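If you want the building blocks of each chain, they are given just below.
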Amino acid sequence: MIATAFLAIETFLGLDWGVFLALLMFAIFMGLILTGYNVAFSFASIALIFSFIGDVTGAFRVESLNVLPGLWFGAISDATLLAVPLFVLMGAILERSGLAERLLNAIGLLMGPLRGGVAAAVVIVGTLLAAATGVVAATVIVMGLLSLPAMVRLGYDHKLATGAITASGTLAQLLPPSIVLILLANQLGVGILGLFAGALLPGLLLSGLYVAYVLGASAINPERGPVMPPEERQLAGNPSLGTKAVLAAILGFMVWLVLILRGASEDVTNAGSFAITWSLVAFVVLFGLMAITKMLGTEVIVSIVPTVVLIVGVLFSIFSGIATPSESGAVGVLGALILTVLNRQVDKRLLAEGATHIEPEWKLTPSALKAAGVSTANITILVMTLLFCSTFFRTMFRELGGADQVSDWLTSVGGGKWGFVVIAMIAVFLLGINLEFLEITFIVVPIFVPAMDLLGFTEAEKIWFAMLMAVNLNMAFISPPVGFSLFYLQSVAPPEVKTADIHKGAIPFMVLQGIALVILALVDDITFWSMKFFGGIEVES
């Protein structure tokens, strides 16, 4: 009777019984997570239920699950995943130490004279924080807390202000050391160096489009992005030349550290003299700029240069091969702690010389450090739980024949690689509206990879595909009415900023993301040039 029922189903659907179970398993899983049930538990529970059904009906052999311990051990043995908690912790320290707030204030003061300048500063700082944190929620929330009240007070159009925050904060999915990129490298089976290098130009392209839009929109309609009043661009006090010389010397030493690493990585014979020469140039330029300005110039320089040097140094150590991503993450954490201590010493000097814009309290208190550690642990545990549970689900899906069937469907849609890319991008966008990037990475990428292998995607083309996927997720994450970044900002927005303004403000930036997606899809050389320029990886396009 049961065998007859199986045969009837196979005949009616034209599918093998095991494939039918695999597709039913995936459909029930999607329905379950759309109800809001925990994704990791959905992975595990559905896989467990269908492993029992598959065993009872003879659709697969239980012994095939013996590979799971090996897969799990291999996953946790991947040193690349160590970069996840380290880069998250680095970003958390920058946020809780006050360095991120200082950076935002300084760039806002620098660009305040421009119409839309504060919004452009938000995009720039959002880009830098994205390159420091790798976490969308953290970046959007921090930018919302620090910049949105200030822009509202200055009279910025709420839609322009909120759109700039959500769009730039979501760049944390694209710019290295993005957690998305780390996990995509793991799931796609490509080198993390190539993925990081290939993401830089696409990320900067998006950031540039955002800056151009907010400045252009404010120039056309000045009421949308008013100029910061002159009295708000003034800072009391004027540090002595001695203090300015000490600060310039410290910053010059930071530049020397990065340049000496460059010389060591490229085995330059005169690396020492090269580093000394350019660090001296940096000292002279920075000291000169601080000497001809008062407190404002000094504040801008000491706020921007250290954080930028840290980010550049960490990324450079990865691209040059000096350190692995996980090792660079550890150095980044140490660097963030050192910058926090230096920032405190700078504050003391400036306070002693008449600064009134600085809070004298030490911000990286034990409770702040604990909060940074807890947030890092939460994200790390989430990643590892999803990895373990999705591996169980993926194994069941493959053993029931679902992976082969989906691969056949994806490779037979017509259009070859382009047909596959179009279908995949539609699926990623639709899933991105309702699901977090972690969940999407573990759900669809394992389904895509077999089809990509059948279609003959090279490693460089897989990296190009990952860039399209990351930009697509950026677009999905700010898409009304349920984009995650919109809710992150809504949770910290002041009362006068309406939810409708947050949602409407995201639409122009979605258009910009769509334009960037088309450009990157049609001109794949942008990703390949980025890989070559930043990572030294030759690609035959």
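Check the entry above for the structure.
Below you will find a few notes about this structure. (Residues numbered from 1 in each chain as written. Predicted model: local features only at pLDDT ≥ 70, side-chain atom pairs only at ≥ 80, totals over all residues. Heavy atoms only, no water.)

## As for the overall build of the protein chain
Counting its regular elements, the protein chain contains 23 helices and zero strands. Computed over its C-alpha atoms, the radius of gyration of the protein chain comes to 25 Å, within 12% of the 24 Å expected for a compact globule of 541 residues. Within the span of the protein chain, comprising 541 residues, buried residues form 53% of the whole. Taking the contacts inside the protein chain whose residues are at least 6 apart along the sequence as the reference set, 79% of them involve residues at least 24 apart. (Helix = DSSP H or I, 4+ residues; strand = E, 2+ residues; numbered from the N terminus. Rg over C-alpha atoms; globule rule 2.2 N^0.38 Å. Buried < 20%, exposed > 50% of the residue type's maximum accessible area, 1.4 Å probe, protein only. Contact = heavy atoms within 4.5 Å.)

## Quick notes on a nonpolar patch on the surface
A cluster of nonpolar residues, W278, V281, V285, L289 and I292, forms a patch on the protein surface that exposes about 490 Å² of accessible area. Within the fold, V281 resides in helix 13 (residues 271-292). Classification of V281 by relative accessible area gives partly exposed; the value is 34%. (Patch = residues over 30% accessible without salt bridge, like charges linked within 9 Å, V, L, I, M, F, W, Y side chains within 5 Å. Areas by Shrake-Rupley, 256 points an atom, 1.4 Å probe, with all protein chains shown as cover. Salt bridge = Lys/Arg side-chain N within 4 Å of Asp/Glu carboxyl O.)

## Some points on the side chain of T127
Along the chain, the position of T127 falls in helix 7 (residues 117-133). A distance of 2.8 Å separates the side chain of T127 from the backbone oxygen of V123, its partner in a polar contact. (Polar contact = N/O pair within 3.5 Å; in protein donor to acceptor, adjacent residues only side chain to side chain.)

## Here we look at the environment of R115
Along the chain, R115 falls in the loop between helix 6 (99-111) and helix 7. Overall, the relative accessible area of 43% leaves R115 in the partly exposed class. Placed 100 residues apart in sequence, R115 and L215 show a C-alpha to C-alpha distance of 6.5 Å.

## Quick notes on the packing of helix 11 (residues 192-220) against helix 23 (residues 525-535)
The interhelical angle for the contact between helix 11 and helix 23, taken along N-to-C directions, is 115°, at an axis separation of 7 Å. As helix 11 packs across helix 23, the resulting crossing turns out to be right-handed. Contact residues: L193, G194, A197, G198, A199, L200, L201 and P202 in helix 11; I526, T527, W529, S530, M531, F534 and G535 in helix 23. In terms of residue class, the contact of helix 11 with helix 23 is made up of 10 nonpolar, five polar and no charged. (Axes fitted to C-alpha atoms, helices over the stretch in contact; angles between N-to-C directions. Left-handed = near helix turned anticlockwise from the far one by under 90°. Nonpolar A, V, L, I, M, F, W, Y, C, P; charged D, E, K, R; others polar.)

## Examining helix 19 (residues 437-455)
Maximal helix bending in helix 19 amounts to about 35°, located at V445; proline P446 follows within four positions. Within helix 19, 16 of the 19 residues are buried, which leaves it mostly tucked inside the rest of the structure. (Bend = angle between axes of the 7 residues up to and from the residue.)

## Concerning the packing of helix 11 against helix 22 (residues 499-522)
Axis separation between helix 11 and helix 22 bottoms out at 10 Å; the angle between their running directions is 140°. The orientation of helix 11 with respect to helix 22, classified from their angle, is oblique. You can see that helix 11 and helix 22 cross each other, and the crossing is right-handed. Facing P202, L205, L206, L209, Y210, Y213 and V214 of helix 11, the residues of helix 22 in contact are P508, F509, L512, Q513, A516, I519 and L520. Among the residues making up the contact of helix 11 with helix 22, the classes are represented as 13 nonpolar, one polar and no charged. (Parallel < 35°, antiparallel > 145°, perpendicular 65-115°, else oblique.)

## Structural notes on helix 16 (residues 366-399)
When the terminal C-alpha atoms of helix 16 are compared, their 49 Å separation across 34 residues agrees well with the 50 Å that a helix rising 1.5 Å per residue should span. Two residues or fewer after helix 16 comes G401, characterised by a positive phi angle close to 95°. (Expected span 1.5 Å × (residues − 1).)

## Considerations on the packing of aromatic side chains
Two measures describe an aromatic ring pair: the distance that separates the ring centres and the angle between the ring planes. Applying the stated criterion across every chain, the model contains 15 aromatic pairs. Taken together, a centroid distance of 4.6 Å and an interplanar angle of 20° make the contact between F29 and F43 stacked. Highlighted residues: F29 in helix 2 (residues 17-34) and F43 in helix 3 (residues 39-57), separated in sequence by 14 residues. When the ring centre of F457 is taken as reference, the NZ or CZ atom of K417 above it lies at 5.4 Å. (Phe/Tyr/Trp six-rings, centres within 6.5 Å; stacked < 30°, edge-to-face > 60°. Lys NZ or Arg CZ within 6 Å of the ring centre and 35° of its normal.)

## Observations concerning the pattern of salt bridges
Applying the stated criterion across every chain, the model contains eight salt bridges. Two residues, K159 and D157, come together in a salt bridge whose shortest N-O distance is 3.8 Å. When the shortest N-O distance is used, the salt bridge between D453 and K462 registers 2.8 Å. Several salt bridges converge on common partners, so that one network encompasses R102, E299 and D347.

## Remarks on the side chain of H503
Along the chain, H503 falls in helix 22. Once residues within four sequence positions are removed from consideration, H503 is found in contact with P480, P481, L486 and Q490.

## Concerning the environment of V300
As for its position among the elements, V300 is in helix 14 (residues 295-319). For V300, a relative accessible area of 10% corresponds to the buried category. Along the backbone, V300 and L32 are 268 residues apart, and their C-alpha atoms lie at a distance of 50 Å. Residues in contact with V300, not counting those within four places in the same chain, are A106 and L110.

## Section: the environment of T162
Here T162 lies in helix 9 (residues 158-169). Counting along the chain gives 70 residues from T162 to A92, while the straight-line C-alpha distance between them is 22 Å. Apart from residues no more than four positions distant in its own chain, T162 is found in contact with L148, L489, V497, D501, I502 and G505.

On their own, these measurements won't tell you what the molecule is for.
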